[in-house]
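Now for the letters of each chain:
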Amino acid sequence: MTKPLDWIETELQALRDTGLYNQIRILESPQGAWLVVDGEKVLNFCANNYLGLANHPRLVEAAKKAADKYGVGPGAVRTIAGTMDLHLELEKRLAAFKKVENAITFQSGFSANLATIPALVGKEDVIFSDRLNHASIIDGCRLAKAKIIPYDHCSPASLKRSLDEFRADFRRALVVTDGVFSMDGDIAPLDEIYEVTRDYDVILMVDDAHGEGVLGEGGRGIVDHFKLHGKVDVEVGTLSKAFGVVGGVVAGHPLVVEWLYQRGRPFLFSSAMTIPDVAACIEAVKILESSTELVDRLWENAAYFKGEMKTLGFDTGKSATPITPVMLGEAPLAQKFSRKLFEEGVFAMSIGFPTVPQGEARIRVMISAAHSKEDLDQGLAAFEKVGRDLEVIG
Ligand SMILES: *Cc1c(COP(=O)(O)O)cnc(C)c1O
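Residues numbered from 1 in each chain as written. Predicted model: local features only at pLDDT ≥ 70, side-chain atom pairs only at ≥ 80, totals over all residues. Heavy atoms only, no water.

Residue Phe 353 is joined to Pro 354 through a cis peptide bond whose omega torsion reads 5 degrees. Among the secondary structure elements, Pro 354 is positioned in the loop between β12 (350–351) and β13 (361–366). Of note, Cys 154 is a non-glycine position whose phi angle comes to about 55 degrees, a positive value. On the basis of relative accessible area, Cys 154 is assigned to the buried category, the value being 19%. One non-glycine residue, Lys 227, lies in positive phi territory at about 55 degrees. For Lys 227, the position within the fold is in the loop between α9 (222–225) and β8 (234–238). (Helix = DSSP H or I, 4+ residues; strand = E, 2+ residues; numbered from the N terminus. Buried < 20%, exposed > 50% of the residue type's maximum accessible area, 1.4 Å probe, protein only.)

Before going further, it helps to examine the state of the cysteines. For the structure shown, the criterion picks out 0 disulfides. Its sulfur unpaired, Cys 141 is 16 Å from the next cysteine sulfur, which belongs to Cys 154. With relative accessibility at 2%, the residue Cys 141 sits in the buried group. (Disulfide = S-S within 2.5 Å.)

Looking now at the domain arrangement of the protein. In terms of domain boundaries, the protein breaks down into domain 1 (23–50 + 292–389) and domain 2 (57–290). Distance from the C-alpha centre of domain 1 to the C-alpha centre of domain 2: 27 Å. In this assembly, 21 residues from domain 1 lie in contact with 20 residues from domain 2. Carbon and sulfur atoms make up 65% of the surface buried where domain 1 meets domain 2, a total of about 1600 Å² over both sides. The largest per-residue losses of area from domain 1 upon contact with domain 2 belong to Tyr 50, Val 295 and Lys 318, which jointly make up 29% of the total buried on that side. Applying the counting criterion to the domain 1 and domain 2 interface returns 1 salt bridge. Between Asp 184 and Arg 362 there is a salt bridge, with the nearest N and O atoms lying 2.8 Å from each other. Where domain 1 meets domain 2, there are 8 residue pairs in polar contact (both at pLDDT 80 or more). Among the elements of the structure, α13 (293–312), β10 (323–329) and β13 are those that each provide at least two residues to the side of domain 1 that touches domain 2. A per-element tally of the side of domain 1 that touches domain 2 places α13 first, with 4 residues. Grouping the constituent residues of the side of domain 1 that touches domain 2 by class yields 12 nonpolar, 6 polar and 3 charged. (Domains from an automatic or database assignment. Contact = heavy atoms within 4.5 Å. Buried area = accessible area lost by both parts, 1.4 Å probe. Salt bridge = Lys/Arg side-chain N within 4 Å of Asp/Glu carboxyl O. Polar contact = N/O pair within 3.5 Å; in protein donor to acceptor, adjacent residues only side chain to side chain. Nonpolar A, V, L, I, M, F, W, Y, C, P; charged D, E, K, R; others polar.)

Turning next to the site of the ligand. Neighbouring the ligand are 13 residues; Gly 109, Phe 110, Asp 207, Thr 238 and Lys 241 lie closest to it. Side-chain polar atom of His 134 to a nitrogen atom of the ligand: 3.3 Å apart, as the coordinates give it. Contact between the ligand and Ser 240: an oxygen atom at 3.1 Å from a side-chain N or O atom of the residue. Protein contacts shield 85% of the accessible area of the ligand, which totals 380 Å² for the unbound molecule. (Near = heavy atom within 4 Å. Areas by Shrake-Rupley, 256 points an atom, 1.4 Å probe, with all protein chains shown as cover.)

Written out as structure tokens, the structure is:
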């Protein structure tokens, strides 16, 4: 007789057979340009730690000091007794940094999307969503129970056709897009999307998880990058990528923030960011406000690495950001490539279906301001060797 959970073993075996099983590596060191994994020192090409803040001494110190003063836990959901003056200070600083009137933080970028989308639209409404939007946007849309109409990836023309056809059939409408698409590193044409949406009665929302701390002046994000201040209603960001900590943020119109205080379910029913996280994030904002040095170095590193990879003959896709996909095709090749890189002392994960479409498996290299030129050169040498061994490059 089969048991009720037997199907899981069958499914797991299918993942192993098709090269899609996630083997999780365990880190024995802080996040930095180098990591210790399985006792080996390896070059870190995986993390979203764009600016090297995850182990920055100023953030570590701020977290320690705050823990000494406030302890570690927020104690309750924020509406009951879990909002400390530190949480409000972080929100004020984030709003000022992003040049908006107000901001609200969440436990993660994922929960920021789950909070925001269902608070803005419901059963009688419609959501126009980029086909390649992040899983947390997709889940937020599903929770909202609104009609979801996907438009072609980064296509304002496709969005406009959908708005013409469907907008009038619904009460409220939301247009939502990733700012930077995490698997390809391309940037949403938010300026054109804004131009299209202004002729319709729609709320415009961008999830700038990979643009926060990366795009715009000193890392102020995609709205700053396109100079769209005051024109995008809702800007979601994460504090877990360039900011190096963990947490989510919604910045924008004060009415949106006020409404999320009242109706954002992960805000109302789940406890707040912890004290060390909040204090470290405040320090991250201070660092970003004081200098563009880290952001500048990130972009210099990215330009150097991508240029050299192209010269070697690799296909780095359509990336316009420090995210560098190395396109390999089938998942087993990408997995093998990743394993061989690891043997050469480079930690870069392969990514396959369902995270990217079938046949578009890749290694995704995440460049950071924490990398030195020597680090990047070592990484390039490993890619060259493995690329020739596996006949990906000539
Ligand atoms: C990473 C990511 C998230 C999730 O952010 P967390 O803070 O890690 O939960 C949400 N949206 C997009 C577009 C992302 O890339």
